Amino acid sequence: MMQLNDGNQIPSLGFGTFLSKNEEVKEAVLAALKVGYRHIDTAMIYENEEGVGEAIKASGISRDDLFITTKLWNEDIRNGNIEEALKASLKRLQLDYIDLYLIHWPAKGYAKAWDEMIKLQKSGLIKSIGVSNFNPHHLQDLEASGVVPVVNQIECHPKLQQNDLKTYCEVRNILVQAWGPLMQAGLFKDETLNQIGEKYGKSSAQVMLRWHLQRGVNALPKSVTPSRIEANFDIFDFELSEDDVLKIAEMNEHKRVGPDPETFDF
């Protein structure tokens, strides 16, 4: 578990559901819960909250043992539909509250949306509130509220290590969460990662996830393949050496596979 700045805790490894549609996400989430994941990350725009909700219901796992994240989409930010959007997500997920609700992108109106989320948190509909894809100047715009986000979920992997943003967040006790922690499968055949993995009897994906963990980053690997879902969770029985961590640090190229928060247009 990792500590959040509002006193709540979050599992150190989460399960991502980006690009997993309803028809496949239910089985994927059930497989993840069976392996041991307890944090499931979704979003309204993923169009799979219903499937995630069905999996939660079918799992039989106590709600208190689960940590569910979803996100406020850009059009709802721009239109000021914060409460309506949250309640719609709750209905699709078949839940009474969200453990972590994030502003998905810094769309126009995000500071006002943040103020509304603070009110909704006080109502009990949300346990913790945070942001996604925010850079330092976006985060500074929220300071007037007096409430610091608990999480900043950003693209982060060995080719985009986000060191400056990570340091900025750490100073303010904002947990960095990595979406695309495996560079969307773009590094599975990387020679450096595979050589490191051979030393520990682990795959390149497991090496990357362990690297995130040792950096204090909360990672959200995504898969719909049961064997990979299980393998991605199997990272708690080894530790990368300092030399191996340095080798991965040298891989940084500031290379994105997703949109840039400064130039996104959706």
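Keep in mind that what you see is a predicted model, and the values were worked out from it rather than measured.

J.: Which residues make up the sheet that holds strand S8 (residues 151-155), and what values do they have?
T.: If you walk across this open sheet you meet the eight strands as S3-S4-S5-S6-S7-S8-S9-S10, and the pairing is parallel. At either end of the open sheet lies a strand with only one pairing partner, and these are strand S3 (15-16) and strand S10 (218-219). In terms of strand pairing, S8 meets strand S9 (residues 175-179) through five bridges, oriented parallel. Residue pairing in the sheet places Asn-152 in a bridge with Val-176 of S9.

J.: Help me get a handle on the pattern of salt bridges, residues and values and all.
T.: One pass over the full model with this rule turns up 14 salt bridges. In this structure, the salt-bridge partner of Arg-92 is Glu-49, at a minimum N-O distance of 2.6 Å. A residue pair is termed long-range when its members are at least 10 positions apart, and Arg-92 in helix H4 (residues 82-93) and Glu-49 in helix H2 (residues 49-59) qualify at 43 residues. The exposure class assigned to Arg-92 is partly exposed, which follows from its relative accessible area of 24%. Within this structure, Lys-199, Asp-244 and Lys-247 form a network of salt bridges that share partners.

J.: Hey, could you go over the side chain of Asp-41 for me, with residue numbers and the actual values?
T.: Relative to the assigned elements, Asp-41 resides in strand S4 (residues 39-41). Reaching out from Asp-41, the side chain makes a polar contact with the side chain of Lys-71 at a distance of 2.7 Å. When residues no more than four places from it in sequence are discounted, the contact partners of Asp-41 are Phe-15, Gly-16, Thr-17, Tyr-46, Thr-69, Lys-71, Gln-153 and Leu-220.

J.: Pulling in residues and values, what's your account of unusual backbone geometry?
T.: Unlike most non-glycine residues, Glu-47 shows phi in positive territory, near 55°. When you line up the elements, Glu-47 lands in the loop between S4 and H2. The backbone phi angle of Gln-162 is positive, close to 55°, even though this residue is not glycine.

J.: So what's going on with the state of the cysteines? Residues and values would help.
T.: Under the defined criterion, the tally for this structure stands at zero disulfides. Looking at the unpaired Cys-169, the closest cysteine sulfur is the one in Cys-156, lying at 10 Å.

J.: Describe the environment of Val-207, naming the residues involved and giving the relevant values.
T.: On the secondary structure map, Val-207 appears in helix H9 (residues 204-214). For the pair formed by Val-207 and Val-217, sequence separation is ten residues and the distance between their alpha carbons is 14 Å. Beyond its immediate sequence surroundings of up to four residues, Val-207 is in contact with Leu-193, Ile-196, Gly-197, Phe-238, Leu-240 and Ile-248.

J.: Account for the pairing of S9, with residues named and values stated.
T.: Most of S9 is tucked away: five of the five residues are buried. What joins S8 to S9 is helix H7 (residues 163-171), and the crossover it makes is right-handed.

J.: Quick rundown of the environment of Gly-109? Include the residues and the values.
T.: Secondary-structure assignment places Gly-109 in the loop between strand S6 (98-103) and helix H5 (110-123). For the pair Gly-109 and Gln-184, spaced 75 residues apart in the sequence, the C-alpha separation amounts to 30 Å.

J.: Provide a residue-level description of the packing of aromatic side chains, including the pertinent values.
T.: Taken as a whole, this structure holds ten aromatic pairs when the rule is applied. Ring geometry for Tyr-37 against Phe-233: centres 4.7 Å apart, planes inclined by 50°, an arrangement best described as tilted. Here Tyr-37 is found in the loop between helix H1 (22-35) and S4, whereas its partner Phe-233 is found in helix H10 (residues 226-233), with 196 residues between them in sequence. Owing to a relative accessible area of 0%, Tyr-37 belongs among the buried residues under this scheme. Within the aromatic cluster, the residues linked to one another by ring pairs are Phe-15, Tyr-37, Phe-233 and Phe-236. Here the guanidinium or amino end of Arg-63 rests over the ring plane of Tyr-97, the centre of that ring lying 4.0 Å away. Here the basic side chain of Arg-172 rests over the ring of Tyr-168, its NZ or CZ set 3.5 Å away from the ring centre.

J.: Kindly report on the environment of Pro-226, identifying the contributing residues and their values.
T.: Relative to the elements of secondary structure, Pro-226 occurs in helix H10. Note: C-alpha distance between Pro-226 and Ala-31 (195 residues apart in sequence) is 6.1 Å.

J.: Describe the pairing of S8, with residues and values.
T.: Counting buried positions along S8 yields five of five residues, so the element is predominantly enclosed. Two strands pair when backbone bridges link them, and strand S7 (residues 126-132) and S8 are joined in this way by two bridges, in the parallel orientation. In the sheet register, Ser-132 faces S8, and the bridge partner there is Gln-153.

Cut-offs applied
- Residues numbered from 1 in each chain as written.
- Predicted model: local features only at pLDDT ≥ 70, side-chain atom pairs only at ≥ 80, totals over all residues.
- Heavy atoms only, no water.
- Pairing = 2+ DSSP bridges.
- Helix = DSSP H or I, 4+ residues; strand = E, 2+ residues; numbered from the N terminus.
- Salt bridge = Lys/Arg side-chain N within 4 Å of Asp/Glu carboxyl O.
- Buried < 20%, exposed > 50% of the residue type's maximum accessible area, 1.4 Å probe, protein only.
- Polar contact = N/O pair within 3.5 Å; in protein donor to acceptor, adjacent residues only side chain to side chain.
- Contact = heavy atoms within 4.5 Å.
- Disulfide = S-S within 2.5 Å.
- Right-handed = clockwise from strand over helix to strand, strands pointing away.
- Phe/Tyr/Trp six-rings, centres within 6.5 Å; stacked < 30°, edge-to-face > 60°.
- Lys NZ or Arg CZ within 6 Å of the ring centre and 35° of its normal.

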